[in-house]
Each structure stands twice: as structure tokens, then as C-alpha cells.
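Remarks on the overall topology
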Amino acid sequence: QVQLVESGGGLVQAGGSLRLSCAASGRTFSTYAMTWFRRAPGKEREFVAAISSGGGRTYYVDSVKGRFTISRDNARNTVYLQMNSLKTEDTAVYYCATGSRLFGDRAPSSYDYWGQGTQVTVSS
């Protein structure tokens, strides 16, 4: 079992920055890849970024490349999502997830473990 708890969401103006955190517990954190998803109002859950277990490999959806950075601190059992140059279309509930068999799998149904989500609202 893995427990995931996100934090760091909030209200920010367009062009601003936020850093999300996801704290994990329950299994050896350094052995599994981590992924961020988001769900915008009225839309399906969307893959955002993934990072390998050791942090050496990352993968992003095209819409956030160059603006978002995923990272992890295995000593702290935490994965981060640094979000810069935020746009109103980034408004969503952001979730961290793990448990897929394929790194960077974009299908939410592939993931066994989810956090409760943290709201990010970007105002114009």
C-alpha cells in the first residue's frame, strides 16, 4: 500500500509560479516512478508529468514543457511539481499517482494509488 498526500496548491495570477508537493508513505519510495495528473473543470483527468524512481528520467505533456519541472527527493519521500509561467488553462485539481507498470503511462486507469488532489487556480 502507498499513501499519497499533495499540498501546495492555491490561487495565483497568470504568469506566476507554484510548487506542488506530494508526500508518500507505505512502501520504499525510491523504488517506484511518480506521476502528476490534473483534472480541469468539465474535463477528463490528464497526464502532466512523470519521473523515474531514481529521478534520472522525466516525461511531460507538450502543453507544460518548458514551464513545469518534476523532481523528487527520495530522502524525503516527496515528489515536486514546479510550475512557472502559469496560464489560466492550468487551472485544475492536481493529483500525484503511482503504481503503473509502464513509465509515463498516460491512462489514469493504469495507476493503483492516488492522492486526494490539490486545487490550483490561475486568474487572468
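In what follows, the accompanying structure is described. Given the structure is predicted, the values throughout are model-derived calculations rather than measurements. (Residues numbered from 1 in each chain as written. Predicted model: local features only at pLDDT ≥ 70, side-chain atom pairs only at ≥ 80, totals over all residues. Heavy atoms only, no water.)

Regarding the environment of Ser21
Secondary-structure assignment places Ser21 in strand β3 (residues 18-25). With 58 residues separating them in the primary sequence, Ser21 and Val79 have C-alpha atoms 5.8 Å apart. Setting aside its immediate chain neighbours within four residues, Ser21 contacts Val5, Glu6, Ser7, Trp36, Thr78, Val79 and Tyr80. (Helix = DSSP H or I, 4+ residues; strand = E, 2+ residues; numbered from the N terminus. Contact = heavy atoms within 4.5 Å.)

A look at the pattern of salt bridges
Here the structure, examined in full by the defined rule, presents 5 salt bridges. Here Lys65 ties to Asp62 by a salt bridge, and the two come within 3.0 Å at their closest N and O atoms. (Salt bridge = Lys/Arg side-chain N within 4 Å of Asp/Glu carboxyl O.)

Quick word on the packing of aromatic side chains
Tallied over the entire structure, the rule returns 7 aromatic pairs. With centroids separated by 5.0 Å and ring planes inclined at 80 degrees, the aromatic side chains of Phe37 and Tyr111 adopt a geometry described as edge-to-face. On the criterion of sequence distance, the pair formed by Phe37 in strand β4 (residues 34-39) and Tyr111 in the loop between β9 (92-98) and β10 (113-114) is long-range, its members being 74 residues apart. An identical accessibility class is assigned to Phe37 and Tyr111; each is buried. Here the aromatic rings of Tyr111 and Trp114 are separated by 6.0 Å at their centres, their planes lie at 65 degrees, and the arrangement is edge-to-face. The class for Tyr111 is buried, based on a relative accessible area of 6%. Clustering of aromatic rings is evident, with ring pairs tying together Phe37, Phe47, Tyr59, Tyr95, Tyr111 and Trp114. Looking at Arg72, its charged tip hangs above the ring of Phe29, at a distance of 4.3 Å from the centre. (Phe/Tyr/Trp six-rings, centres within 6.5 Å; stacked < 30°, edge-to-face > 60°. Buried < 20%, exposed > 50% of the residue type's maximum accessible area, 1.4 Å probe, protein only. Lys NZ or Arg CZ within 6 Å of the ring centre and 35° of its normal.)

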